[in-house]
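In case you want the letters, here they are:
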Amino acid sequence: MGHTVTLIPGDGVGPELSTAARRVIEASGAKIEWETQEAGLAVMEREGTPLPERVSESVRRNGVALKGPITTPRGTGIRSVNVALRKELDLYACLRPCKHYPGVRTRFAGVDLVVVRENTEDLYAGVEFAEGSVEADQIVRLGGGRIRDGSAVSIKPISAFASQRIVDFAFQHAVANGRKKVTAVAKDNIMKATDGLFFRTAREVARRYEGRVQYDEWLVDAMCMQLVQKPELYDVLVMPNLYGDILSDLCAGLVGGLGVAPGANIGAGVAVFEAIHGSAPKYAGMNKVNPTALILSGVLMLHYLNENETADRVERAVAAVIAEGKSVTYDLKPRRDDPTAVGTKEMADAIIAKMREA
Ligand code: NAD
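Residues numbered from 1 in each chain as written. Predicted model: local features only at pLDDT ≥ 70, side-chain atom pairs only at ≥ 80, totals over all residues. Heavy atoms only, no water.

Peer 1: Please explain helix α1 (residues 14-27) as it appears in this structure.
Peer 2: Turn by turn, an α-helix covers 3.6 residues, leaving residues three or four places apart pointing in a common direction. In this model α1 runs 20 Å from its N-terminal to its C-terminal C-alpha over 14 residues, within 8% of the 20 Å that 1.5 Å per residue would give. By the burial criterion, the buried members of α1 are Gly14, Glu16, Leu17, Ser18, Ala20, Ala21, Val24 and Ile25. In this structure, the buried side of α1 is in contact with β1 (3-8), β2 (32-36), β3 (64-67), α10 (292-304), α11 (308-324) and α12 (344-357). Following α1 by one or two positions, Gly29 has its phi on the positive side, about 95°. (Helix = DSSP H or I, 4+ residues; strand = E, 2+ residues; numbered from the N terminus. Expected span 1.5 Å × (residues − 1). Buried < 20%, exposed > 50% of the residue type's maximum accessible area, 1.4 Å probe, protein only. Contact = heavy atoms within 4.5 Å.)

Peer 1: Teacher, can you tell me more about the site of the ligand here?
Peer 2: Near the ligand, the surroundings consist of 21 residues, among which Ile70, Thr72, Asn82, Gly278 and Ala280 are the closest. Here Asn82 contributes a side-chain N or O atom positioned 2.9 Å from an oxygen atom of the ligand. Within the side chain of His277, one N or O atom sits 3.2 Å away from a nitrogen atom of the ligand. Notes on the ligand: free accessible area 820 Å², of which the protein chains cover 71%. Classifying every residue of the shell around the ligand gives 9 nonpolar, 7 polar and 5 charged. (Near = heavy atom within 4 Å. Polar contact = N/O pair within 3.5 Å; in protein donor to acceptor, adjacent residues only side chain to side chain. Areas by Shrake-Rupley, 256 points an atom, 1.4 Å probe, with all protein chains shown as cover. Nonpolar A, V, L, I, M, F, W, Y, C, P; charged D, E, K, R; others polar.)

Peer 1: Sorry if this is basic, but what is going on with the pattern of salt bridges here?
Peer 2: Should the charged atoms of two oppositely charged side chains come close, the side chains can pair. According to the stated counting rule, one finds 22 salt bridges in the structure shown. For the salt bridge of Asp122 with Lys156, the shortest nitrogen-to-oxygen distance reads 3.9 Å. In this pair, Asp122 sits in the loop between β5 (112-118) and β6 (128-129) while Lys156 sits in the loop between β7 (153-154) and α6 (160-176), placing the two residues 34 residues apart along the sequence. Like Lys156, Asp122 is buried. Several salt bridges converge on common partners, so that one network encompasses Arg23, Lys345 and Asp349. (Salt bridge = Lys/Arg side-chain N within 4 Å of Asp/Glu carboxyl O.)

Peer 1: Is there a simple way to explain helix α5 (residues 134-142) in this structure?
Peer 2: Every buried residue of α5 is accounted for by Ala136, Ile139 and Val140. Looking straight down α5, one finds that the buried residues subtend no more than 105° of arc, so they occupy a single side. Exposed and oriented more than 90 degrees from the buried face of α5 are Val134, Arg141 and Leu142. The secondary structure elements touched by the buried residues of α5 are β6 and β7. A positive phi of about 55° marks Gly144, the residue just after α5. (Arc of directions from axis to C-beta.)

Peer 1: Any chance you could explain the side chain of Asp195 here in plain terms?
Peer 2: Locating Asp195 in the fold gives a position in helix α7 (residues 194-208). Here the side chain of Asp195 touches Lys187 through a polar contact of 2.9 Å, landing on its backbone nitrogen. Leave out the neighbours within four places in its chain, and Asp195 touches Lys156, Ala186, Lys187, Asp188 and Tyr243.

Peer 1: Whenever I open this one, the pairing of strand β11 (residues 264-267) confuses me. Can you help?
Peer 2: Regular strands place side chains that alternate from one sheet face to the opposite one. Residues of β11 alternate between two faces, with Ala264 and Ile266 on one and Asn265 and Gly267 on the opposite face, all of them buried. Looking at chain direction, strand β4 (residues 93-99) and β11 are connected through 3 bridges and run antiparallel. Paired with Cys94 across the bridge in β11 is Asn265. Two strands pair when backbone bridges link them, and β11 and strand β12 (residues 270-274) are joined in this way by 4 bridges, in the antiparallel orientation. Paired with Asn265 across the strands is Val272, a residue of β12. Hairpin connection from β11 to β12: 2 residues lie between these consecutive antiparallel strands, with Gly269 at a positive phi of about 75°. (Pairing = 2+ DSSP bridges.)

So this is what it looks like as structure tokens:
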């Protein structure tokens, strides 16, 4: 049976990467019908909003989207389409597998981690009060001397509901993917109320998976040191939003950086698959950047659609092309100015050719 998937090409390098990813996925034999929905800067000029209602409607209807990066102009007041989409669809789980593929230059060979980040609350809830505002001054008073007068204040809400839902997501992901351990990460020695609640909730969820998936806990600072010293000891990491934002980039760095790091934002019955990197505007239209991250996001999508065989076929071909190191983009060459680097399209061609050889 085929699947209908919303394709959001995005802007900047998004359209060329989406074309590459789409071609590779189609060549894998996956039966996918694409419903293309433009969003981003050009749409803003035409339709007055960078994220028209038709886009989220399409994702909701199809339940799955593959999305290219979208620019968030700085200092213009234009809201981030990426954040808006996550909010509108309640995509509460950010999934970021960080796996090293031989051939990608990194100090850390063999890393294979998954970071699960809570996407809806914490300091990212956007409840902020500027210094001198009535609200900030009220909170300063509530602080009973613990907050300096004239402070700006950001609120960090953590709920049992969202913590339970994200930790359960991490355990389910572990079970479905044969992973052995879930590590919860927070800082409850300092934030006893919020991070204490996160850990307590995580422990309750972990009990339900006892005997199937191991569970442990780390303070976020110690976790950072562990990850750069012994990343092989960890498997699935789950954490609130801010720590997740930071650690997922750290883990992407462990395995070779932005060009190869896929991601997904997942909610109840709806999921958007996208690379971690942004729209790299300076390379837009140059057929230069690495399509791997979006193609691997497509691999995650195929697994989500239970197209496991085609997902494995694409992943094997990507891994083989990277291991060979010949038809790869500049960022995967030993030197960035290597004249043998190929373009986005040519790397996708090489991946397609590899699938046909197999
Ligand atoms: P960026 O990820 O777009 O690019 C930073 C640098 O990383 C690039 O200049 C390039 O050198 C390198 N890079 C990124 N992707 C690459 C790839 N596929 N292959 C090779 N090299 C690659 O980050 P930025 O410049 O901070 O952000 C640009 C725009 O993208 C901003 O408007 C930002 O808001 C947006 N953004 C969007 C998303 C998203 O759509 N989910 C995510 C992050 C940033």
